[in-house]
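Architecture and fold: a report
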Amino acid sequence: MSILVSVVTTLLFFSSLLFHELCHSYIARLNSIPIRKITLFIFGGVAEMTKEPPTPAIELKMAIAGPLASLFLSGIFYGLFLLAGFFNFGLPVTVPLSYLALINLMLAIFNLVPGFPLDGGRIFRAILWFFLKDIKPATKIASLAGQGFAYLLILVGFLSVIQGIIGGIWFILIGWFLNQAAQGGYRQIVLQKALSGVRVSEIMTGNVLTVVPSLTLDEIVNDYFLKHRFGRFPVVEDDKFFGVITIHDVKEIPREKWPFTKVSEILQFSKKPFTISPGNDAVHALMQMVKEEVGHLLVIDKKKKLVGIVTRTDIIRLIKVKTELGM
Ligand SMILES: [Zn+2]
(Lines give C-alpha, C1' and ligand atoms only; values in the text may rest on other atoms or scores of the structure.)
Protein backbone atom coordinates (compact mmCIF):
# COMPACT_ATOMS: atom_id res chain seq x y z
CA MET A 1 0.00 0.00 0.00
CA SER A 2 2.71 2.50 0.98
CA ILE A 3 4.62 1.80 -2.28
CA LEU A 4 1.49 2.54 -4.30
CA VAL A 5 0.97 5.77 -2.36
CA SER A 6 4.51 6.95 -2.94
CA VAL A 7 4.38 6.08 -6.65
CA VAL A 8 1.12 7.99 -7.11
CA THR A 9 2.46 10.93 -5.08
CA THR A 10 5.65 11.05 -7.14
CA LEU A 11 3.67 10.95 -10.38
CA LEU A 12 1.42 13.75 -9.17
CA PHE A 13 4.48 15.76 -8.15
CA PHE A 14 6.05 15.47 -11.61
CA SER A 15 2.69 16.20 -13.23
CA SER A 16 2.56 19.37 -11.12
CA LEU A 17 5.97 20.44 -12.47
CA LEU A 18 4.83 19.64 -15.99
CA PHE A 19 1.63 21.62 -15.54
CA HIS A 20 3.66 24.63 -14.37
CA GLU A 21 5.89 24.44 -17.47
CA LEU A 22 2.96 23.83 -19.82
CA CYS A 23 1.25 26.97 -18.55
CA HIS A 24 4.36 28.99 -19.49
CA SER A 25 4.46 27.33 -22.92
CA TYR A 26 0.75 27.87 -23.48
CA ILE A 27 1.06 31.62 -22.98
CA ALA A 28 4.22 31.62 -25.11
CA ARG A 29 2.42 29.86 -27.92
CA LEU A 30 -0.56 32.22 -27.66
CA ASN A 31 1.94 35.00 -28.39
CA SER A 32 3.65 32.94 -31.10
CA ILE A 33 6.99 32.61 -29.32
CA PRO A 34 8.83 29.40 -30.17
CA ILE A 35 9.58 27.45 -27.00
CA ARG A 36 12.37 25.34 -28.45
CA LYS A 37 15.57 25.74 -26.48
CA ILE A 38 19.03 25.48 -27.90
CA THR A 39 22.16 25.05 -25.88
CA LEU A 40 24.72 27.56 -26.94
CA PHE A 41 28.05 25.95 -26.32
CA ILE A 42 30.22 28.75 -27.69
CA PHE A 43 29.74 30.61 -24.41
CA GLY A 44 30.46 27.75 -22.08
CA GLY A 45 27.45 25.58 -22.54
CA VAL A 46 24.93 26.97 -20.11
CA ALA A 47 23.22 29.75 -21.99
CA GLU A 48 20.03 28.62 -23.55
CA MET A 49 19.03 30.46 -26.62
CA THR A 50 15.36 31.05 -27.09
CA LYS A 51 13.64 33.96 -28.69
CA GLU A 52 13.04 36.64 -26.10
CA PRO A 53 9.49 37.92 -25.63
CA PRO A 54 8.81 40.93 -27.87
CA THR A 55 7.32 43.20 -25.18
CA PRO A 56 7.46 43.55 -21.37
CA ALA A 57 3.73 42.81 -21.18
CA ILE A 58 4.09 39.44 -22.92
CA GLU A 59 7.10 38.58 -20.77
CA LEU A 60 5.11 39.40 -17.66
CA LYS A 61 2.15 37.24 -18.69
CA MET A 62 4.42 34.34 -19.67
CA ALA A 63 6.41 34.50 -16.44
CA ILE A 64 3.46 34.78 -14.09
CA ALA A 65 1.60 31.85 -15.66
CA GLY A 66 3.88 29.26 -14.01
CA PRO A 67 3.65 30.40 -10.37
CA LEU A 68 -0.11 30.96 -10.80
CA ALA A 69 -0.43 27.39 -12.06
CA SER A 70 1.47 26.10 -9.02
CA LEU A 71 -0.65 28.19 -6.65
CA PHE A 72 -3.79 26.88 -8.34
CA LEU A 73 -2.62 23.27 -7.92
CA SER A 74 -1.68 23.95 -4.31
CA GLY A 75 -5.22 25.17 -3.71
CA ILE A 76 -6.74 22.14 -5.43
CA PHE A 77 -4.63 19.70 -3.37
CA TYR A 78 -5.38 21.61 -0.19
CA GLY A 79 -9.11 21.43 -0.97
CA LEU A 80 -8.84 17.69 -1.58
CA PHE A 81 -6.89 17.34 1.67
CA LEU A 82 -9.69 19.06 3.61
CA LEU A 83 -12.27 16.91 1.83
CA ALA A 84 -10.34 13.69 2.54
CA GLY A 85 -10.09 14.68 6.20
CA PHE A 86 -13.80 15.42 6.32
CA PHE A 87 -14.65 11.97 4.96
CA ASN A 88 -12.06 10.27 7.19
CA PHE A 89 -10.00 8.75 4.37
CA GLY A 90 -7.09 8.19 6.70
CA LEU A 91 -3.40 9.08 6.63
CA PRO A 92 -2.37 7.28 3.36
CA VAL A 93 -4.61 9.76 1.51
CA THR A 94 -4.39 12.92 3.60
CA VAL A 95 -0.59 12.92 4.08
CA PRO A 96 0.25 12.83 0.33
CA LEU A 97 -2.40 15.47 -0.38
CA SER A 98 -1.01 17.83 2.25
CA TYR A 99 2.48 17.17 0.92
CA LEU A 100 1.39 18.00 -2.66
CA ALA A 101 -0.38 21.16 -1.51
CA LEU A 102 2.75 22.25 0.35
CA ILE A 103 5.23 21.39 -2.40
CA ASN A 104 3.22 23.30 -5.02
CA LEU A 105 3.03 26.29 -2.71
CA MET A 106 6.79 26.14 -2.19
CA LEU A 107 7.32 25.83 -5.93
CA ALA A 108 5.28 28.97 -6.51
CA ILE A 109 7.15 30.89 -3.80
CA PHE A 110 10.61 29.74 -4.90
CA ASN A 111 9.88 30.68 -8.51
CA LEU A 112 8.63 34.10 -7.48
CA VAL A 113 12.02 35.10 -6.05
CA PRO A 114 12.93 38.15 -8.16
CA GLY A 115 16.19 36.77 -9.56
CA PHE A 116 16.51 36.17 -13.29
CA PRO A 117 15.99 33.58 -14.84
CA LEU A 118 13.48 32.42 -12.23
CA ASP A 119 9.89 33.37 -13.02
CA GLY A 120 9.98 36.13 -10.41
CA GLY A 121 13.18 37.43 -12.01
CA ARG A 122 11.43 37.53 -15.37
CA ILE A 123 8.57 39.48 -13.82
CA PHE A 124 11.14 41.83 -12.27
CA ARG A 125 12.86 42.18 -15.64
CA ALA A 126 9.56 42.90 -17.41
CA ILE A 127 8.87 45.73 -14.95
CA LEU A 128 12.39 47.17 -15.32
CA TRP A 129 12.14 46.76 -19.07
CA PHE A 130 8.86 48.68 -19.10
CA PHE A 131 10.36 51.60 -17.21
CA LEU A 132 13.85 51.61 -18.73
CA LYS A 133 12.50 50.95 -22.25
CA ASP A 134 15.53 48.72 -22.88
CA ILE A 135 15.79 44.97 -22.31
CA LYS A 136 19.59 44.95 -21.90
CA PRO A 137 20.02 46.93 -18.66
CA ALA A 138 16.79 45.35 -17.36
CA THR A 139 18.27 41.89 -17.88
CA LYS A 140 21.55 42.98 -16.31
CA ILE A 141 19.87 44.12 -13.09
CA ALA A 142 17.53 41.11 -12.91
CA SER A 143 20.46 38.75 -13.57
CA LEU A 144 22.50 40.36 -10.78
CA ALA A 145 19.55 39.77 -8.45
CA GLY A 146 19.50 36.15 -9.67
CA GLN A 147 23.21 35.78 -8.94
CA GLY A 148 22.73 37.35 -5.52
CA PHE A 149 20.01 34.86 -4.68
CA ALA A 150 22.19 32.04 -6.03
CA TYR A 151 25.08 33.01 -3.74
CA LEU A 152 22.67 33.21 -0.83
CA LEU A 153 21.49 29.64 -1.54
CA ILE A 154 25.10 28.46 -1.75
CA LEU A 155 25.92 30.18 1.55
CA VAL A 156 22.89 28.65 3.29
CA GLY A 157 23.88 25.29 1.81
CA PHE A 158 27.43 25.53 3.15
CA LEU A 159 26.28 26.59 6.59
CA SER A 160 23.84 23.66 6.71
CA VAL A 161 26.48 21.16 5.62
CA ILE A 162 28.91 22.50 8.25
CA GLN A 163 26.21 21.93 10.86
CA GLY A 164 25.87 18.36 9.66
CA ILE A 165 22.71 18.83 7.59
CA ILE A 166 23.58 16.84 4.45
CA GLY A 167 20.49 18.14 2.62
CA GLY A 168 22.32 21.47 2.40
CA ILE A 169 24.14 20.06 -0.61
CA TRP A 170 20.93 20.58 -2.58
CA PHE A 171 21.00 24.28 -1.82
CA ILE A 172 24.58 24.46 -3.08
CA LEU A 173 23.67 22.63 -6.28
CA ILE A 174 20.56 24.70 -6.99
CA GLY A 175 22.49 27.89 -6.21
CA TRP A 176 25.26 26.87 -8.56
CA PHE A 177 22.85 26.12 -11.42
CA LEU A 178 20.97 29.33 -10.83
CA ASN A 179 24.17 31.34 -10.90
CA GLN A 180 25.18 29.78 -14.23
CA ALA A 181 21.74 30.39 -15.69
CA ALA A 182 21.67 34.01 -14.51
CA GLN A 183 25.00 34.73 -16.19
CA GLY A 184 23.99 32.83 -19.33
CA GLY A 185 20.70 34.70 -19.59
CA TYR A 186 22.46 38.05 -19.63
CA ARG A 187 25.04 36.89 -22.17
CA GLN A 188 22.22 35.81 -24.43
CA ILE A 189 20.70 39.27 -24.39
CA VAL A 190 24.06 40.90 -25.10
CA LEU A 191 24.49 38.51 -27.99
CA GLN A 192 21.06 39.04 -29.46
CA LYS A 193 21.42 42.78 -29.10
CA ALA A 194 24.77 42.74 -30.90
CA LEU A 195 23.41 40.62 -33.72
CA SER A 196 19.96 42.12 -34.11
CA GLY A 197 19.33 43.74 -37.45
CA VAL A 198 22.58 42.38 -38.93
CA ARG A 199 22.06 40.48 -42.17
CA VAL A 200 24.06 37.44 -43.21
CA SER A 201 25.12 39.31 -46.36
CA GLU A 202 26.87 41.93 -44.22
CA ILE A 203 29.13 39.51 -42.37
CA MET A 204 29.69 36.72 -44.90
CA THR A 205 32.83 36.26 -46.93
CA GLY A 206 32.13 36.62 -50.63
CA ASN A 207 34.25 35.26 -53.50
CA VAL A 208 34.47 31.73 -52.19
CA LEU A 209 36.90 29.44 -53.99
CA THR A 210 34.74 26.93 -55.84
CA VAL A 211 35.27 23.92 -58.09
CA VAL A 212 33.40 22.76 -61.22
CA PRO A 213 31.57 19.41 -61.23
CA SER A 214 33.48 18.08 -64.25
CA LEU A 215 36.82 17.89 -62.37
CA THR A 216 38.18 14.43 -61.61
CA LEU A 217 39.06 13.48 -58.07
CA ASP A 218 42.74 13.40 -59.00
CA GLU A 219 42.52 17.00 -60.16
CA ILE A 220 40.59 18.23 -57.15
CA VAL A 221 43.03 16.57 -54.72
CA ASN A 222 46.14 17.94 -56.41
CA ASP A 223 44.88 21.36 -57.46
CA TYR A 224 42.58 22.16 -54.57
CA PHE A 225 42.81 20.08 -51.41
CA LEU A 226 46.62 19.92 -51.38
CA LYS A 227 47.14 23.42 -52.71
CA HIS A 228 44.66 25.45 -50.68
CA ARG A 229 44.43 23.28 -47.59
CA PHE A 230 40.65 23.73 -47.17
CA GLY A 231 38.65 20.70 -46.11
CA ARG A 232 35.77 21.39 -48.46
CA PHE A 233 34.85 23.21 -51.64
CA PRO A 234 31.48 24.34 -52.93
CA VAL A 235 30.76 22.91 -56.37
CA VAL A 236 29.52 25.59 -58.75
CA GLU A 237 29.09 25.88 -62.51
CA ASP A 238 27.62 28.82 -64.43
CA ASP A 239 26.68 30.46 -61.15
CA LYS A 240 24.61 27.47 -60.14
CA PHE A 241 25.38 25.82 -56.84
CA PHE A 242 25.41 22.01 -56.82
CA GLY A 243 26.66 21.09 -53.36
CA VAL A 244 29.85 20.69 -51.37
CA ILE A 245 32.68 18.23 -51.85
CA THR A 246 34.77 17.35 -48.81
CA ILE A 247 37.99 15.42 -48.25
CA HIS A 248 35.86 12.86 -46.50
CA ASP A 249 33.77 12.27 -49.66
CA VAL A 250 36.93 11.74 -51.70
CA LYS A 251 38.37 9.33 -49.15
CA GLU A 252 35.35 7.06 -49.62
CA ILE A 253 36.43 6.33 -53.22
CA PRO A 254 39.36 3.90 -53.78
CA ARG A 255 42.45 5.75 -54.90
CA GLU A 256 42.87 3.87 -58.20
CA LYS A 257 39.48 5.22 -59.29
CA TRP A 258 40.37 8.88 -58.69
CA PRO A 259 41.59 9.63 -62.26
CA PHE A 260 38.26 8.40 -63.73
CA THR A 261 35.77 9.63 -61.15
CA LYS A 262 34.22 13.06 -61.49
CA VAL A 263 33.19 15.36 -58.70
CA SER A 264 29.62 15.34 -60.04
CA GLU A 265 29.46 11.55 -59.62
CA ILE A 266 30.17 11.52 -55.90
CA LEU A 267 28.34 14.73 -55.18
CA GLN A 268 24.98 12.99 -55.28
CA PHE A 269 26.03 10.69 -52.46
CA SER A 270 27.46 13.35 -50.20
CA LYS A 271 25.41 14.87 -47.42
CA LYS A 272 23.21 17.85 -48.12
CA PRO A 273 25.14 21.02 -47.25
CA PHE A 274 23.79 23.53 -44.76
CA THR A 275 22.76 26.71 -46.45
CA ILE A 276 21.22 30.04 -45.54
CA SER A 277 19.94 32.96 -47.57
CA PRO A 278 21.80 36.31 -47.54
CA GLY A 279 18.71 38.13 -46.25
CA ASN A 280 18.47 36.09 -43.03
CA ASP A 281 19.71 37.74 -39.89
CA ALA A 282 22.88 36.82 -38.05
CA VAL A 283 21.04 35.46 -34.99
CA HIS A 284 19.25 33.02 -37.26
CA ALA A 285 22.57 31.96 -38.82
CA LEU A 286 24.16 31.37 -35.42
CA MET A 287 21.17 29.39 -34.16
CA GLN A 288 21.22 27.23 -37.27
CA MET A 289 24.94 26.51 -36.89
CA VAL A 290 24.47 25.56 -33.25
CA LYS A 291 21.48 23.37 -34.04
CA GLU A 292 23.14 21.57 -36.93
CA GLU A 293 26.52 21.43 -35.19
CA VAL A 294 28.44 22.98 -38.04
CA GLY A 295 30.98 25.78 -38.07
CA HIS A 296 29.84 27.45 -41.27
CA LEU A 297 26.91 27.90 -43.62
CA LEU A 298 26.91 28.46 -47.35
CA VAL A 299 25.04 31.55 -48.41
CA ILE A 300 22.76 30.81 -51.35
CA ASP A 301 20.54 33.43 -52.93
CA LYS A 302 17.07 33.00 -54.45
CA LYS A 303 18.50 32.03 -57.85
CA LYS A 304 20.43 29.17 -56.21
CA LYS A 305 23.63 31.09 -56.69
CA LEU A 306 26.40 30.74 -54.11
CA VAL A 307 27.20 34.24 -52.92
CA GLY A 308 29.40 33.56 -49.91
CA ILE A 309 30.16 31.64 -46.77
CA VAL A 310 29.47 32.65 -43.20
CA THR A 311 31.34 31.10 -40.27
CA ARG A 312 30.90 31.01 -36.54
CA THR A 313 34.12 33.00 -36.25
CA ASP A 314 32.62 35.81 -38.36
CA ILE A 315 29.69 36.05 -35.95
CA ILE A 316 31.79 35.84 -32.79
CA ARG A 317 34.10 38.55 -34.11
CA LEU A 318 31.12 40.82 -34.69
CA ILE A 319 29.79 40.19 -31.19
CA LYS A 320 33.21 40.94 -29.69
CA VAL A 321 33.64 44.21 -31.54
CA LYS A 322 30.11 45.37 -30.81
CA THR A 323 30.16 44.48 -27.11
CA GLU A 324 33.56 46.12 -26.72
CA LEU A 325 32.14 49.30 -28.21
CA GLY A 326 29.11 48.94 -25.93
CA MET A 327 26.71 48.74 -28.87
ZN1 LIG B 1 8.21 28.74 -14.08
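All values reported here derive from a predicted model rather than from experimental measurement.

Re the overall build of the chain
Broken down by element type, the chain carries 12 helices and 7 strands. Taking 327 residues into account, the globule formula puts the C-alpha radius of gyration at 20 Å, and the chain, at 27 Å, lies well above it. Seen through its principal axes, the chain has C-alpha atoms that stretch 85 × 50 × 45 Å. Taking all 327 residues of the chain together, 31% fall into the buried category. Restricting the contact set of the chain to residue pairs at least 6 apart, pairs at least 24 apart contribute 63%.

Focus: the domain arrangement of the chain
Annotation of the chain at the domain level lists domain 1 (2–195) and domain 2 (200–324). Here the C-alpha centre of domain 2 lies 43 Å away from the C-alpha centre of domain 1. Counting from both sides, the interface comprises 9 residues of domain 1 and, opposite them, 14 residues of domain 2. Among the elements that make up the side of domain 1 that touches domain 2, the one with the highest residue count is helix α6 (residues 168–195) (5 residues). A class-by-class count of the residues in the side of domain 1 that touches domain 2 yields 8 nonpolar, 1 polar and no charged.

Remarks on the pairing of strand β4 (residues 240–246)
Of all 7 residues making up β4, 5 are buried, and the element is well covered by its neighbours. The hairpin turn running from strand β3 (residues 232–237) into β4, its antiparallel successor, is 2 residues long, and Asp238 in that turn takes a positive phi close to 50°.

Digging into the sheet that holds strand β5 (residues 275–276)
Where strands meet in a sheet, backbone hydrogen bonds hold them as pairs that are either parallel or antiparallel. Spatial strand order, β5-β6-β7: 3 strands in an open sheet with mixed pairing. Since the sheet does not close on itself, it has two edges, and those belong to β5 and β7 (306–311), each with one partner. Across 5 bridges, the pairing between strand β6 (residues 296–300) and β7 is antiparallel. Across the sheet, His296 pairs through a bridge with Thr311, a residue of β7.

Examining the environment of Ala28
With respect to the secondary-structure elements, Ala28 resides in helix α1 (residues 2–30). Each C-alpha atom of the pair Ala28 and Thr275 lies 29 Å from the other, and the pair is 247 residues apart in sequence.

Details of the pairing of β3
Sheet topology places β3 next to β4; 6 bridges connect them, and they run antiparallel. Residue pairing in the sheet places Phe233 in a bridge with Ile245 of β4.

Overview of the packing of α1 against helix α3 (residues 91–111)
Running from N to C, α1 and α3 cross one another at 25°; their axes reach a closest spacing of 10 Å. In terms of orientation, α1 and α3 fall into the roughly parallel class. Where α1 crosses over α3, the two elements pack in a sense that is right-handed. For the pair α1 and α3, contact is made by Val5, Thr9, Leu12, Phe13, Ser16 and His20 and by Pro92, Pro96, Tyr99, Leu100, Ile103, Asn104 and Leu107, respectively. Split by residue class, the contact of α1 with α3 holds 9 nonpolar, 4 polar and no charged.

A word on helix α11 (residues 282–292)
Since the α-helix turns once every 3.6 residues, residues separated by three or four places project in the same direction. The complete set of buried residues in α11 reads Ala282, Ala285, Leu286 and Met289. Projected down its long axis, α11 carries its buried residues within an arc of 95°, all on one side. Tucked into the core, α11 has its buried residues touching α6, α7 (200–203), β5, β6, β7 and α12 (312–324). Trailing α11 by a residue or two, Glu293 shows a phi angle of about 55°, which is positive.

So, the environment of Ser98
By the element assignment, Ser98 lies in helix α3. Between the C-alpha atom of Ser98 and that of Phe81, which follows or precedes it by 17 residues, the distance is 5.9 Å.

A few points about the packing of α1 against helix α2 (residues 56–86)
Running from N to C, α1 and α2 point in directions that differ by 150°, and their axes come no closer than 8 Å. If you check the angle between α1 and α2, you find them roughly antiparallel. In the packing of α1 onto α2, the handedness of the crossing is right-handed. Between α1 and α2, the contacting residues are Ser16, Phe19, His20, Cys23, His24, Ile27 and Ala28 on the first element and Lys61, Met62, Ala65, Gly66, Ala69, Ser70 and Leu73 on the second.

Points about unusual backbone geometry
In the segment running from Phe116 into Pro117, the intervening peptide bond is cis, with an omega of 5°. The topology assignment puts Pro117 in the loop between α3 and α4 (119–132). Backbone geometry at Asn88 places phi at a positive 55°, although glycine is not the residue there. Position of Asn88 among the secondary structure elements: in the loop between α2 and α3. A positive phi angle is found at Lys304, which is not glycine, with a value near 65°. With respect to the secondary-structure elements, Lys304 resides in the loop between β6 and β7.

Reading the values: the criteria
Residues numbered from 1 in each chain as written. Predicted model: local features only at pLDDT ≥ 70, side-chain atom pairs only at ≥ 80, totals over all residues. Helix = DSSP H or I, 4+ residues; strand = E, 2+ residues; numbered from the N terminus. Rg over C-alpha atoms; globule rule 2.2 N^0.38 Å. Buried ≥ 20, exposed ≤ 12 C-beta atoms within 10 Å, placed from the backbone. Contact = placed C-beta atoms within 7 Å. Domains from an automatic or database assignment. Nonpolar A, V, L, I, M, F, W, Y, C, P; charged D, E, K, R; others polar. Pairing = 2+ DSSP bridges. Axes fitted to C-alpha atoms, helices over the stretch in contact; angles between N-to-C directions. Parallel < 35°, antiparallel > 145°, perpendicular 65-115°, else oblique. Left-handed = near helix turned anticlockwise from the far one by under 90°. Arc of directions from axis to C-beta.

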